[in-house]
Amino acid sequence: VLARPVVGFFIDRLGVVGLPPLPDSLAPALGFARMGNFAQARTIADAAATGHVVEPFLAGLALLADGDVNGAATRFGDVLRAFSS
């Protein structure tokens, strides 16, 4: 699930029409996520504090990589709610 092609697939879909464009401050976080460095990606996203849907997504990846499946599920749920509203 955390393999580069899978993560990249989902990152590529975060720019869905109807959602705000990705802030430039989150671009480095996405780069780290694509390389599999989820903790660094989350740190950057948390510091940016833009409120963009990519922030809970990156937090979910970091939590999943750390083995916190329940925490990751909660954060991914936040992402899904953003897409459905």
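Because the structure is predicted, anything quoted here is derived from the model rather than measured.

Asker: What is the right way to read the overall build of the chain from this model?
Answerer: Tallying secondary structure elements over the chain gives 5 helices and 0 strands in all. In the chain, the succession of helices and strands from N to C terminus is α-α-α-α-α. The globule rule puts the C-alpha radius of gyration for 85 residues at 12 Å, and the 12 Å found for the chain is close to it. Taken over the C-alpha atoms alone, the chain extends approximately 30 × 25 × 25 Å along its principal axes. Going through the 85 residues of the chain one by one, you find that 33% of them count as buried. Long-range pairs, those at least 24 residues apart, make up 48% of the contacts in the chain between residues at least 6 apart in sequence.

Asker: I tried to follow the side chain of E55 on my own but got confused; where do I start?
Answerer: Turning to its location among the elements, E55 is positioned in helix α4 (residues 54-65). Lacking a salt bridge, the buried E55 has R75 as its closest oppositely charged neighbour, with an N-O distance of 6.6 Å. Not counting the four nearest positions on each side in its chain, E55 is found in contact with L26, A45, A48, A49 and T50.

Asker: What exactly am I supposed to notice about the packing of aromatic side chains here?
Answerer: Aromatic ring pairs are reported here in terms of the distance separating the ring centres and the angle at which the planes meet. One pass over the full model with this rule turns up 2 aromatic pairs. For the ring pair F9 and F10, a centre distance of 5.1 Å and an interplane angle of 90° mean the geometry is edge-to-face. You can call F9 partly exposed: its relative accessible area is 41%. Note on F10: relative accessible area 43%, which makes it partly exposed. Consider the rings of F57 and F76, whose centres lie 6.0 Å apart with planes at 50°: the pair is tilted. Residue F57 is located in helix α4, and its partner F76 is located in helix α5 (residues 69-84); the two are separated by 19 residues in the primary sequence.

Asker: In this structure, what is going on with the environment of R75? I would like to understand it.
Answerer: Looking at where R75 falls in the secondary structure, it is placed in helix α5. Taking the relative accessible area as the measure of exposure, R75 reaches 27% and is therefore partly exposed. For the pair R75 and L58, spaced 17 residues apart in the sequence, the C-alpha separation amounts to 8.6 Å. Not counting the four nearest positions on each side in its chain, R75 is found in contact with P56, A59, G60 and L63.

Asker: For this particular structure, what's the right way to read the packing of helix α3 (residues 38-48) against α4?
Answerer: For any two helices packed against each other, the geometry is given by the interaxial angle and the distance between the axes. Relative orientation of the contacting elements α3 and α4 amounts to 150°, with a least axis distance of 8 Å. Crossing handedness for the pair α3 and α4: left-handed. The segment α3 lies against α4, with F38, A39, A41, R42, A45 and A48 engaging E55, L58, A59, L61, A62, L63 and A65. Of the residues that constitute the contact of α3 with α4, the class distribution is 11 nonpolar, no polar and 2 charged.

Cut-offs and rules
- Residue positions are given per chain, counted from 1 along the sequence in the order it is written.
- The model is predicted, so local features are restricted to residues of pLDDT at least 70 and side-chain atom pairs to those at 80 or more, both for listing and for counting; the totals for chains, interfaces and linings are taken over all residues.
- No hydrogens and no water enter the side-chain calculation; it runs on all heavy atoms of the structure.
- Strands here mean DSSP runs of E at least two residues long; helices mean DSSP runs of H or I at least four residues long; both are numbered from the N terminus.
- Note that the radius of gyration is over C-alpha atoms, with the globule rule given as 2.2 Å times the number of residues to the power 0.38.
- Here the term buried applies to any residue with accessible area under 20% of the maximum for its type, exposed to any over 50%, and partly exposed to those in between, with areas from a 1.4 Å probe on protein chains only.
- We call two residues contacting when some pair of their heavy atoms lies within 4.5 Å.
- When charges are counted, Lys and Arg are positive and Asp and Glu negative, with His and the chain ends excluded.
- Salt-bridge detection follows one rule: a side-chain nitrogen of Lys or Arg within 4 Å of a carboxyl oxygen of Asp or Glu.
- Working definition: a ring pair exists when centres of Phe, Tyr or Trp rings (six-membered ring for Trp) sit within 6.5 Å. Plane angles under 30 degrees give stacked, over 60 give edge-to-face, the rest tilted.
- To define axes, lines are fitted to C-alpha atoms, for helices over the stretch in contact only, and angles between the resulting N-to-C directions are given on a 0 to 180 degree scale.
- Handedness of a helix crossing follows the sense of rotation of the near helix relative to the far helix, less than a right angle counterclockwise being left-handed and clockwise being right-handed.
- Only Asp, Glu, Lys and Arg are considered charged in this grouping, and only Ala, Val, Leu, Ile, Met, Phe, Trp, Tyr, Cys and Pro are considered nonpolar; every other residue, Gly among them, is considered polar.

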